[in-house]
Amino acid sequence: MSTQQQPYEYAHRPTSSRAAYPVFLSLHETLWLQAKWILRGLLDAFRWDSVIRTASSDPEIRSNILKSLLLNMLSLTSIYTFDLILQPLVHDHPSWLHRNVGWFYRVLWLLPVVGVSFYLNSSWCNIIAKRTFVLQHGNRAPQQQPVTYTGMLTMLATSAYRAVMVLTSVIVSFALGAIPYGGPLISFAFMCWVDAYYCFEFIWIARGLSLSKRVRYLEERWPYFFAFGFPSAALCTWGSGLANAALFALLFPAYIIMAMHARPVPQDPFNPLHSSKKNDTVRYPSPLIPIRLPIFAAVIWLNDVIVRILSVGGSAGEPRQNRLPSNSSERAEEGAGIDFHRVPPGTSKPHQQVLHPSQPVERKVVRSSDRRKRD
């Protein structure tokens, strides 16, 4: 029986070829959406009612906020006592002791108080963030694993990387501020995004987002996070460096609670007018306005350089395959750059043989005569 060959049918009809092209929003529509996202960020940054409600509903959160408030008030009082009282009194004084009393005050009192307050404030903010997350989302955080030698090294590596990231953020901020004609404004905008990042970092870590995903989430929603970090950055730019840092530490617990209750927009940056319809057309923002700004590109680059320098210094005399790859920042933040094979004696560690993909798997053949002997 002969079969008649059917003519070839095109997969795409000429009438539907236009649907293959992306559809963009107009410039004024995109600007209107950006303005709404900025307004949403400002509203979420002034949700003091959620802070009061959360603090009043849980005694643990309330006690940690009170301790942070008292300690940071002590730091601010010490800083402004020197700036407003001691420094004008001893300025240009002929006596050597009076001229250097400010130096003694900084070393023997101010720096220890500020350092201890920052350390304790970070631990209290961790407790506030975890407790607020549990109250709002339930106990969805991953279970705490038993503390081991490897886990302790990972925690130390993560804490060290965060300290490096704070340092590089400050360096980038000062470098941007040194740019003539507009540098201070660029530096201020950068600090708005930095403040917003650290306010949201707790909830992002609780949801299991890696460093690259956290940075991308912020950079793709840059109007919202700029507005959210605007109030805290504006309040922390009028005093000296230590005073600004202490003031931010004073406000930090409240902004963590606000970040827990916030809902960053848009939900999908590449389709901001997304609806629940199945056949809804994807409408991208205007190509004249970028979807993602590389805000933390310089910070990540500096982190990568520092981590590579430290890894090269720590791996001197070792084979090259033990050194960190190009994504050293991501691996260092997760503690992956630590050589866990050097475990002290008495510490158990699992041993697993890793086969190369091209290496054949040896199979042990049991002969029938050997099986009869066993029987």
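Residues numbered from 1 in each chain as written. Predicted model: local features only at pLDDT ≥ 70, side-chain atom pairs only at ≥ 80, totals over all residues. Heavy atoms only, no water.

A. Main features of the state of the cysteines. Applying the stated criterion across every chain, the model contains zero disulfides. Looking at the unpaired Cys199, the closest cysteine sulfur is the one in Cys125, lying at 9.4 Å. Looking at Cys199, the relative accessible area reads 2%, which means it is buried. Not engaged in a disulfide, the cysteine Cys236 finds its nearest cysteine sulfur in Cys199; these two sulfurs lie 9.9 Å apart. (Disulfide = S-S within 2.5 Å. Buried < 20%, exposed > 50% of the residue type's maximum accessible area, 1.4 Å probe, protein only.)

B. Quick look at unusual backbone geometry. A cis geometry characterises the amide bond from Val265 onward to Pro266, with omega recorded as 0 degrees. Along the polypeptide, Pro266 turns up in the loop between helix H10 (241-261) and strand S2 (283-284). Here Tyr181, not a glycine, exhibits a phi torsion of approximately 60 degrees, which is positive. By the element assignment, Tyr181 lies in the loop between helix H6 (149-177) and helix H7 (183-206). (Helix = DSSP H or I, 4+ residues; strand = E, 2+ residues; numbered from the N terminus.)

C. Broad picture of the nonpolar core. Ranked by internal contacts, the top residues of the largest apolar core, which has 50 residues, are Tyr197, Phe200, Phe228 and Phe296. Breaking this core down by element, the ones donating at least two residues are helix H1 (27-44), helix H5 (101-137), H6, H7, helix H8 (211-219), helix H9 (222-235), H10 and helix H11 (297-314). Here the element with the most residues in this core is H7; it accounts for 12 residues. Setting aside anything within four residues of it in sequence, one finds Phe200 in contact with Tyr224, Phe225, Phe228, Ala259, Ala262 and Pro264. With nine residues, the next largest nonpolar core counts Phe82, Tyr105, Val114 and Ala246 among its residues. (Core = buried A, V, L, I, M, F, W, Y, C linked by side-chain atoms within 4.5 Å. Contact = heavy atoms within 4.5 Å.)

D. Molecular detail of H7. Helix length check: H7 (24 residues) gives 35 Å between terminal C-alpha atoms against 34 Å at 1.5 Å per residue, within 8%. Phe200 marks the point of greatest bend in H7, at about 45 degrees. Counting buried residues in H7 gives 17 out of 24 residues, a clear majority hidden from the surface. Following H7 by one or two positions, Gly208 adopts a phi angle in the positive range, close to 85 degrees. (Expected span 1.5 Å × (residues − 1). Bend = angle between axes of the 7 residues up to and from the residue.)

E. Just the packing of aromatic side chains, in detail. In total, this model carries 20 aromatic pairs according to the counting rule given. Taking 5.4 Å as the distance between ring centres and 85 degrees as the angle between the ring planes, the aromatic pair formed by Phe188 and Phe230 counts as edge-to-face. With Phe188 in helix H7 and Phe230 in helix H9, this residue pair connects regions lying 42 residues apart in the sequence. Residue classification places Phe188 among the partly exposed positions, given a relative accessible area of 21%. Taking relative accessible area as the criterion, Phe230 reaches 35% and is therefore assigned partly exposed. With a centroid separation of 5.6 Å and 55 degrees between ring planes, the pair formed by Trp193 and Phe226 is classed as tilted. You can see Trp193 sitting in helix H7 and its partner Phe226 sitting in helix H9, a full 33 residues away along the chain. Judged by relative accessible area, Phe226 falls into the partly exposed class, the value being 25%. By the ring-pair criterion, three or more aromatic residues cluster together here, those being Trp48, Phe190, Tyr197, Tyr198, Phe200, Trp204, Tyr217, Tyr224, Phe225, Phe228, Tyr255 and Phe296. (Phe/Tyr/Trp six-rings, centres within 6.5 Å; stacked < 30°, edge-to-face > 60°.)

The values reported here are purely geometric and, on their own, carry no functional implication.
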